[in-house]
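Now for the letters of each chain:
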Amino acid sequence: MMRDHPQPGSTAIVFRVAHKQRWRALVLGLALMAPENFALAQASWPTIALPKDVRAFDIGEQLTINGLPMRMQGFVSALKPVQLAEWFRQRMGKPLVENTLANKLILGRAQGEYYLTVQLEPAATGTRGIAAVSHLKAAYDERAENRASTEHWLSRFPAGSKLLSQMRSEDAGKVSTYLLVVNTQSENLNRKRLKNLMRNDGFELEHEAMPDNKTGAALPEGIAHGKTLFFKGPGKEAMATIYRDNHGRTAIVLNTLTQMERFK
């Protein structure tokens, strides 16, 4: 349920986004841990073996995070992170780099122009994780295009905006994008700019809503107190939440979903 008379299905969309936020926290961590020096040898995409007893699932057919192309699988296991970490240490090869990010353990190894990463996080009585292969050379080759894309987005938001995260995935004939932008301007100004840029991209605002207490409890803290805007266009839909983050800045989380046919 949402305040401000949301359309049917709005609550379901919010809950789906809350679930995606938890996996994005894992996924974005992998991009942050990628090495700065890119290997340039030519090779085909390698794979990462998983233990037989894990439950694995794909996270998008093609995924790009902050300009870094990746292929990845999510997985859950009844084993503890320390047990899974030892299994991967024995099979990923050497040299193996280990890092921690909050409560996540990250194992990584370079292989030609790729970087293999396994990220493990405690979940209930077991482990939630991601096995990812990052194409470092592709990110290096496409750095100019990625920089242009970032500048294009920022030029349409209020002055002083920063693009903290950008994700694009292709799956089952659909393109999904995720942006996190922050600035020190008012929420009202950001709302006006967002409506204009979405209209220019072929989206029309359908309605706005705020989470009630029950729905808000399932969302990240800041987003739970923000206003959510729902957009629609031919073959596409979008949802944006505007809220104040822990640093007093205005944050905008934008999710769009577009049918691939729109690009043909």
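Quick note: structure is the one above.
As the structure is a prediction and not an experimental result, all values here were calculated from the model. Counting of residues starts from 1 at the beginning of each chain's written sequence and follows it residue by residue. Local features in this predicted model are restricted to residues of pLDDT 70 or higher, and side-chain atom pairs are both shown and tallied only at a pLDDT of 80 or more, whereas totals for entire chains, interfaces and linings draw on every residue. Derived side-chain values reflect all non-hydrogen atoms in the structure, with water molecules and hydrogen atoms excluded from consideration.

Asks: Help me understand the overall build of the protein chain in this model?
Replies: Secondary structure follows DSSP: runs of H or I at least 4 residues long count as helices, runs of E at least 2 residues long count as strands, and numbering of each begins at the N terminus. Tallying secondary structure elements over the protein chain gives seven helices and 13 strands in all. Residue burial is assigned from relative accessible area. The probe radius is 1.4 Å, only protein chains are included, and a residue is buried under 20% of its type maximum, exposed over 50%, and partly exposed in between. In the protein chain, which comprises 264 residues, the share counted as buried stands at 47%. Any pair of residues with heavy atoms lying within 4.5 Å of one another is described as a contacting pair. When contacts within the protein chain are restricted to residue pairs at least 6 apart in sequence, long-range pairs at least 24 apart make up 61% of them. Working note: accessible area of the protein chain is about 13,900 Å², and carbon and sulfur atoms make up 51% of it. Areas reported here follow the Shrake-Rupley algorithm with a probe of radius 1.4 Å; residue values treat only the protein chains shown as occluding.

Asks: Even after reading the chapter, I still don't get unusual backbone geometry, so can you show me in this structure?
Replies: Glycine aside, the phi torsion of most residues is negative, and most peptide linkages are trans. Cis geometry marks the peptide bond from Lys94 to Pro95, where omega comes out at -5°. With respect to the helices and strands, the residue Pro95 is situated in the loop between α2 (81-91) and β4 (97-101). Positive phi, close to 60°, is recorded for Ala102, a residue that is not glycine. Judged by its relative accessible area of 75%, Ala102 falls in the exposed class.

Asks: Please explain the side chain of Asn190 as it appears in this structure.
Replies: Relative to the helices and strands, Asn190 is located in helix α5 (residues 187-200). Classification of Asn190 as buried rests on a relative accessible area of 0%. Apart from residues no more than four positions distant in its own chain, Asn190 is found in contact with Phe157, Pro158, Asn183, Gln185, Ile242, Thr250 and Ile252.

Asks: Help me understand the pattern of salt bridges, please; the structure alone is not making it clear to me.
Replies: Between side chains of opposite charge, a pair can form as their charged atoms come close. Only one rule defines a salt bridge in this text: a Lys or Arg side-chain nitrogen within 4 Å of an Asp or Glu carboxyl oxygen. Per the counting criterion, the structure on display carries ten salt bridges. Here Asp141 and Lys137 are joined by a salt bridge, their closest N and O atoms 2.8 Å apart. With Asp141 and Lys137 both in helix α3 (residues 136-141) and four residues apart, the pair spans about one turn of that helix. The network of salt bridges with common partners includes Glu86, Arg89 and Glu98.

Asks: Help me understand the pairing of strand β13 (residues 250-259), please; the structure alone is not making it clear to me.
Replies: Consecutive residues of a regular strand have side chains that alternate between opposite faces of the sheet. The element β13 is extensively covered by neighbouring structure, given that eight of its ten residues are classed as buried. Following DSSP output, two strands are said to pair if at least two bridges run between them. In terms of strand pairing, strand β9 (residues 174-183) meets β13 through ten bridges, oriented antiparallel. Among the inter-strand pairings, Val181 is bridged to a residue of β13, identified as Ile252. Bridge count for strand β12 (residues 236-244) against β13 is nine bridges, and the pairing is antiparallel. Directly across from Glu237, in β13, lies its bridge partner Leu257. Taken together, β12 and the strand that follows it, β13, pair antiparallel across an intervening segment of five residues, in which Gly248 is found at a positive phi of about 80°.

Taken by themselves, the reported measurements are silent on function.
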